[in-house]
Structure formats: C-alpha cells, structure tokens
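Overview (structure and organization)
Single-letter residue listing:
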Amino acid sequence: MTRSDRPPATPASLSPGAGRLPAPEVCELRDERLDRAGVTLLLVRDDLVDPELPGNKWRKLKYNLAAAREQGFGTLLTFGGAYSNHLRAVAAAGRRHGLRTVGIVRGEQHLPLNPSLAYAAAQGMTLAYLDRDTYRRKHTDAVLAELRRTWGDCYVIPEGGSNALAVRGCAELPTEIEVDFDVLCCPVGTGGTLAGLAGGLTGTQTALGVAVLKGAGFLADEVTELQREAFGAPTGNWRIGLDHHFGGYAKRTPRLDAFVADFHRRHGLALDPVYTGKLLAALFDLAEQGAFRPGTRLAAVITGSAPLDAPYGGA
C-alpha cells in the first residue's frame, strides 16, 4: 500500500449511506454514581451510524477504501482474531462496494465458526488462518510476500484497520460532537481510533484511551507513531489507561460481566464486553476513585455494538 500526504477524496458511493457520514447521536447518561463524583458522562453513539459498519470501523475504512479504488485494487486483505469486529466490518464493506475480501485469522480454524467469523463468511469474506508465530510476523515483508503469492495483488489493511488513513478518518469525529466536553474517551485495541480522536481535538480538550489488552504499555508507542504518520508529529494531548483489561483481549471476569449486566439493567444498553464494556467500567471506576475533577464532562465513544451472541442482544 502506498501512503499519500492527503487522504484521498471519498466518493459518495463509498459512504455508508447517501452522502456524508451522519453525525453520531450524543446523549447524557444519568447515574447516581456519576452524580456523586460530580462528573457528566456523554455517550457518543458512533455505533448507530451504520448497522454493518459502526462508526469507528467506517471511519477507519473510508479513506482506505477510496485509496484501494484509486490504486486499482479489487481485493482487500486484512487480519484479525477469531472475534474481530474489524474482520466483520471489512467483509461487509467489501460486499457493499464490490471488493473481494480475504481475512487472515490468528490461530487455528475451529468449526463450527463462531458468530463473528460466520457473519464475515456470509458477507463473502474468504477466511484463512496463520499459526500464532507467523501471525506475530504478519507485518514483515516475507509474510506479506507469501500472502500475496497465495491471494494475488491486494490492498493490505493492518489488523484493526489502524494506519495513517484510518487515523485521519477518526480525526473527523470530534468536530461532529455538537456539545461541550473536556475528555474524549475510547477503548484501545490497536491505537488508531485514539490517535485520530486526539488529533481532532481543540483547545484544552484531551483524550483518554482504555486499553483492552493485557500488557499494553507498547500502545503508547503505537499511537505516537500513527500520529506521526498521519499528522507529522504526535499531539501530546492523550493518555492510555492500562488497568481495565480484565484479563486480556476478549477475556472477561465475573466483575466485568456483573458491570455489563448491571449497566444493561440500569440503562438498557448492551455493551460489548471486548471494548465498550471495559471502557465504561473504567470510567465508572475512575470517577468513583476521584480521578476526574468535579465538573468534568466526559464523552465516551461507543465504537461498536455487543457481539452477535451477547446475552443482552447483539448486533
């Protein structure tokens, strides 16, 4: 893939609906625990922008899709774990825009496919598997060359969709939030969404990412490099919390399950335990610990819906 200094123009045919990406709904969450902490929490419902391509997935993909078209590619190849929302989104985008899709899955095949991979396959994505050692080297020239020998000339999108074009797409979200906020918050898997959101902030606004991976200290370097590629330099207005991974990526604990269930009972919203459940659990914990100055207005980006097999209603 080649990078340009500017994101390519996005034709209307590559938008999730007609014309521009619609601005996400923003609503205030009322909860006595937040009231006691003196904190306001706004939910930025980017998950409602498109049923197949929830906001941050579309924001990451839209300039990459345009670049693939401009460069004459007919195939998208990307990577993800067995429960990857990114694989689902790329599969849906490929079907919608007439592009062949190949998903390289970490680990061994397990049949029957779980709901996430079954959805991707139903959208026309060809699934292939890499052992975990090779998968760790998926970004190297040797592994990419072998994949291209197998699947032909293809536009490669990194795991999670995070590259400079994705960052620029995510940077557009803060300007669409029409209410005041102090801290924009999101879950962090590969760093692209946080890098972009921070790049789109103004004034004294800051961004807070909540890592959903265990041992994720490396993500600070990832976000810094993504911002350097997208904007020329890191913005310095963000930080990543590392203490709410609940055991690691796609892992859950009874405490997290209890929080997600209680949140659904109180507020009627099914959180994705892989990403948004950990984000909201972290924000409530931090608020109750006094980590935010009274009067702080938090805006939490709901980046995706609950998984297909979620107990409270999935995508």
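Scope of this entry: the structure provided in the associated data block. Note that the structure is a prediction, hence the values are computed from the model and not measured.

A few words now on helix α11 (residues 254-267). Look at α11: 20 Å from first C-alpha to last across 14 residues, which is about the 20 Å you get at 1.5 Å a residue. Buried within α11 we find L256, F259, V260, D262 and F263. Taken down its axis, α11 places every buried residue within 170° of arc, on the same side. Among the exposed residues of α11, those pointing more than 90 degrees away from its buried face are P254 and R265. For α11, the elements touching its buried residues are β1 (25-29), α1 (32-37) and α12 (276-288).

What follows concerns the pattern of salt bridges. In the structure shown here, the tally under the stated rule is 23 salt bridges. R96 is the salt-bridge partner of D50, the closest N and O atoms lying 3.0 Å from each other. Residue D50 is located in the loop between β2 (40-45) and α2 (55-70), and its partner R96 is located in helix α3 (residues 85-97); the two are separated by 46 residues in the primary sequence. Under the relative-accessibility criterion, D50 is labelled buried at 5%. Between R59 and E176 there is a salt bridge; the shortest N-O distance is 3.0 Å. Here R59 is found in helix α2, whereas its partner E176 is found in helix α8 (residues 173-176), with 117 residues between them in sequence. Of the two residues examined, R59 and E176, each falls in the buried class. One salt-bridge network, in which partners are shared between bridges, spans D31, E32, R33, D262, R265 and R266.

So, on to the side chain of T296. Within the secondary structure, T296 is located in the loop between α12 and β10 (297-301). Residue classification places T296 among the buried residues on the basis of a relative accessible area of 5%. Within the structure, the side chain of T296 is placed 2.5 Å from the backbone oxygen of R293, a separation counted as a polar contact. Apart from the residues within four sequence positions on either side, T296 is in contact with G38, V39, T40, D182 and V183.

You can see L130 is positioned in strand β5 (residues 126-130). With 24 residues separating them in the primary sequence, L130 and R106 have C-alpha atoms 5.5 Å apart. When residues no more than four places from it in sequence are discounted, the contact partners of L130 are I104, V105, R106, G107, Y135 and V143.

So, about α2. An ideal rise of 1.5 Å per residue puts 22 Å on 16 residues; α2 measures up with 23 Å between its terminal C-alpha atoms. Along its length, α2 shows its largest kink, about 30°, at L61. Most of α2 sits out of view: 14 of its 16 residues are buried. Backbone geometry just after α2 places G72 at a positive phi near 80°.

Read from one edge to the other, the open sheet built from six strands follows the order β1-β2-β10-β7-β8-β9, with strand pairing classed as mixed. Lying at the two open borders of the sheet, with one neighbouring strand each, are β1 and β9 (238-241). On average, each strand axis in the sheet is tilted by 25° relative to the strand beside it, whichever way the strands run. Taken strand by strand, α12 contacts β1, β2, β7 (183-188), β8 (206-211) and β10, and its axis lies near 115° from that of β8.

The rules behind each value
Residues numbered from 1 in each chain as written. Predicted model: local features only at pLDDT ≥ 70, side-chain atom pairs only at ≥ 80, totals over all residues. Heavy atoms only, no water. Helix = DSSP H or I, 4+ residues; strand = E, 2+ residues; numbered from the N terminus. Expected span 1.5 Å × (residues − 1). Buried < 20%, exposed > 50% of the residue type's maximum accessible area, 1.4 Å probe, protein only. Arc of directions from axis to C-beta. Contact = heavy atoms within 4.5 Å. Salt bridge = Lys/Arg side-chain N within 4 Å of Asp/Glu carboxyl O. Polar contact = N/O pair within 3.5 Å; in protein donor to acceptor, adjacent residues only side chain to side chain. Bend = angle between axes of the 7 residues up to and from the residue. Pairing = 2+ DSSP bridges. Axes fitted to C-alpha atoms, helices over the stretch in contact; angles between N-to-C directions.

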